[in-house]
Amino acid sequence: MAVELGRFGVWHGPQHWGPELAAGLEQAGYGALWLGASPDAGLRDAEVLLASTNSVAVGTSIVNMWKSPAADVAASYHRLEEEHPGRFLLGVGIGHPERTGEYRSPYRTILDYLDELDDAKVPADRRALAALGPKVLQVAGSRTAGALPYLTTPEHTREARRTLGGGVLLAPEQKVVLETDDEIARSTGRDYLASYLQLSNYRSNLKRLGFTDHDLDDGGSDKLVDALVLHGSAVEIAEGLHAHLEAGADHVAIQQLGREGIDLLPGYEALATVLQ
């Protein structure tokens, strides 16, 4: 049984999540809550999100294959499925060589990990794979419910859909800043993008999309920042989110950026009103 995600969800690392935000987003009508930043194998943070809500889907984006043994992750999956049947989607991925001490063949590691999940009876349609390039996208389509691209554009979504074909989940993440001042919004976006633009996996993918080293270096060009971080009014941002759906996405995971300590819920409620 596939997990129902709806058209839009919300993506954040565990430091931003809490019971009040989770419940508020469910009330606002979002279809899925995504737990980012490599959740550990116990999936306790995902369990908190599930327990704080009634019916909204919860997914991981993503459990790092290098850090979390497949057998332990599978045991956690079955625990969550027993406690909250039909609501949890296990997102897994390979991570980045710059952040991994022991980095073997990524492609072989992905296949071996999925084999272990098969052996542990984690259904293929209840898991998804972080995927950017064509080769891993094909694995996502054949071995899982589909792909969870991160740090991409509608152009990538269009290419990913061509690779995946129809009937396969495609759920990209998209960063947004609810700010109509371009310079303030770009500054917020650049601060967040800085560490990601140092990672080879993301740089290679962005170059496939036509960006250059000039775009990627020194905090990112305006062109790059505007493509990766939508900003403006709720109506303007909604147009950019719908561009992913028009390009072939089934679901878009929205990540709202802002200053430290900001209450995220009002911004998401404003977006939800426009998106619905």
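Data block above holds the structure.
Whenever I open this one, helix α1 (residues 19–28) confuses me. Can you help?
Residues three or four positions apart in an α-helix share a direction because the helix packs 3.6 residues into each turn. Among the residues of α1, Leu 21, Ala 22, Gly 24, Leu 25, Glu 26 and Ala 28 are the ones counted as buried. Elements that come into contact with the buried residues of α1 comprise β1 (8–12), β2 (32–36), α2 (44–51) and α12 (265–275). With its phi angle positive at about 105 degrees, Gly 29 sits one or two positions after the end of α1.

Is there a simple way to think about the side chain of Arg 186 in this case?
Tracing the backbone through its elements, the reader meets Arg 186 in helix α7 (residues 182–193). Of the residues examined, Arg 186 reaches a relative accessible area of 13% and is grouped as buried. Within polar-contact distance, the side chain of Arg 186 engages the side chain of Asp 226 at 2.8 Å. Residue contacts for Arg 186: discarding those within four places in its chain leaves Asp 222, Val 225, Asp 226 and His 231.

For this particular structure, what's the right way to read a negative patch on the surface?
Taken together, the side chains of Asp 181, Asp 182, Glu 236 and Glu 239 define an acidic patch exposed on the protein surface. Counting through the fold element by element, Glu 236 comes out in helix α11 (residues 234–246).

When you look at the packing of aromatic side chains in this model, what are you seeing that I'm missing?
Aromatic ring pairs: the centre-centre distance and the angle between the two ring planes describe each pair. Following the criterion strictly, the structure yields seven aromatic pairs and no others. Seen in terms of ring centroids, Tyr 150 and Tyr 196 are 5.4 Å apart; in terms of plane orientation they differ by 45 degrees. Their pairing is tilted. Residue Tyr 150 is located in the loop between β7 (146–147) and α6 (154–164), and its partner Tyr 196 is located in the loop between α7 and α8 (200–208); the two are separated by 46 residues in the primary sequence. Each member of the pair, Tyr 150 as well as Tyr 196, carries the same accessibility label: buried. Ring geometry for Tyr 150 against Tyr 202: centres 6.0 Å apart, planes inclined by 45 degrees, an arrangement best described as tilted. One end of the pair, Tyr 150, is in the loop between β7 and α6; the other, Tyr 202, is in helix α8, and 52 residues separate them in sequence. Overall, Tyr 150 belongs to the buried group, its relative accessible area being 9%. A relative accessible area of 9% means that Tyr 202 is categorised as buried. Aromatic rings pair up to connect Trp 11, Tyr 150, Tyr 192, Tyr 196 and Tyr 202 into one cluster. In this arrangement the basic side chain of Lys 135 is found over the ring face of Tyr 107, its NZ or CZ atom lying 4.2 Å from the centre. Over the ring of Tyr 196 we find Lys 175; its NZ or CZ atom is 5.4 Å from the centre of that ring.

How should the pairing of β2 be read in this particular structure?
Walk down a regular strand and you will see the side chains alternate between the two sheet faces. With five of five residues buried, β2 lies mostly within the body of the structure. Both faces of β2 are covered, namely the face carrying Ala 32, Trp 34 and Gly 36 and the face carrying Leu 33 and Leu 35. Here β1 runs beside β2; their pairing, made up of four bridges, is parallel. Residue Trp 11 lies in a different strand from β2, and its bridge partner there is Trp 34.

It is not clear to me how the packing of helix α4 (residues 106–119) against helix α5 (residues 134–143) should be interpreted in this structure. Could you clarify?
Two quantities define a packed helix pair, namely the angle between the axes and the distance from one axis to the other. Two numbers describe how α4 lies on α5: the axes approach to 11 Å, and their chain directions differ by 10 degrees. Classified by the angle their axes make, α4 and α5 are roughly parallel. For the pair α4 and α5, contact is made by Tyr 107, Ile 110, Leu 111, Leu 114, Asp 115 and Asp 118 and by Lys 135, Val 136, Val 139 and Arg 143, respectively.

Can you walk me through the pairing of strand β11 (residues 252–256) in this structure?
Of all five residues that make up β11, five are buried, and the element is covered over most of its length. Residue alternation in β11 divides its side chains into two sets, Val 252, Ile 254 and Gln 256 and Ala 253 and Gln 255, and both sets are buried. Here β1 runs beside β11; their pairing, made up of three bridges, is parallel. Across the sheet, residue Val 10 finds its bridge partner in β11, namely Ile 254.

Please clarify how the pattern of salt bridges should be interpreted in this entry.
A side chain with one charge may pair with a side chain of the opposite charge, provided their charged atoms come close. One pass over the full model with this rule turns up 17 salt bridges. Among the ionic pairs, Arg 143 bridges to Asp 118, the shortest N-O distance being 2.9 Å. One end of the pair, Arg 143, is in helix α5; the other, Asp 118, is in helix α4, and 25 residues separate them in sequence. Arg 203 is the partner of Asp 217 in a salt bridge, and the nearest nitrogen-oxygen pair spans 3.0 Å. With a gap of 14 residues between them, Asp 217 in the loop between α9 (213–216) and α10 (222–228) and Arg 203 in helix α8 connect regions that are remote in the sequence. Among the charged side chains, a salt-bridge network with shared partners connects Glu 183, Arg 186, Arg 190, Asp 222 and Asp 226.

How do you make sense of the environment of Lys 67 when you look at a structure like this?
In this fold, Lys 67 is placed in the loop between β4 (63–64) and α3 (70–83). Sequence separation between Lys 67 and Gly 220 is 153 residues; the distance between their C-alpha atoms is 30 Å.

Cut-off values and rules
- Residues numbered from 1 in each chain as written.
- Predicted model: local features only at pLDDT ≥ 70, side-chain atom pairs only at ≥ 80, totals over all residues.
- Heavy atoms only, no water.
- Buried < 20%, exposed > 50% of the residue type's maximum accessible area, 1.4 Å probe, protein only.
- Helix = DSSP H or I, 4+ residues; strand = E, 2+ residues; numbered from the N terminus.
- Contact = heavy atoms within 4.5 Å.
- Polar contact = N/O pair within 3.5 Å; in protein donor to acceptor, adjacent residues only side chain to side chain.
- Patch = residues over 30% accessible without salt bridge, like charges linked within 9 Å, V, L, I, M, F, W, Y side chains within 5 Å.
- Areas by Shrake-Rupley, 256 points an atom, 1.4 Å probe, with all protein chains shown as cover.
- Salt bridge = Lys/Arg side-chain N within 4 Å of Asp/Glu carboxyl O.
- Lys, Arg positive; Asp, Glu negative; His and termini not counted.
- Charge placed at Lys NZ, Arg CZ, Asp CG, Glu CD.
- Phe/Tyr/Trp six-rings, centres within 6.5 Å; stacked < 30°, edge-to-face > 60°.
- Lys NZ or Arg CZ within 6 Å of the ring centre and 35° of its normal.
- Pairing = 2+ DSSP bridges.
- Axes fitted to C-alpha atoms, helices over the stretch in contact; angles between N-to-C directions.
- Parallel < 35°, antiparallel > 145°, perpendicular 65-115°, else oblique.

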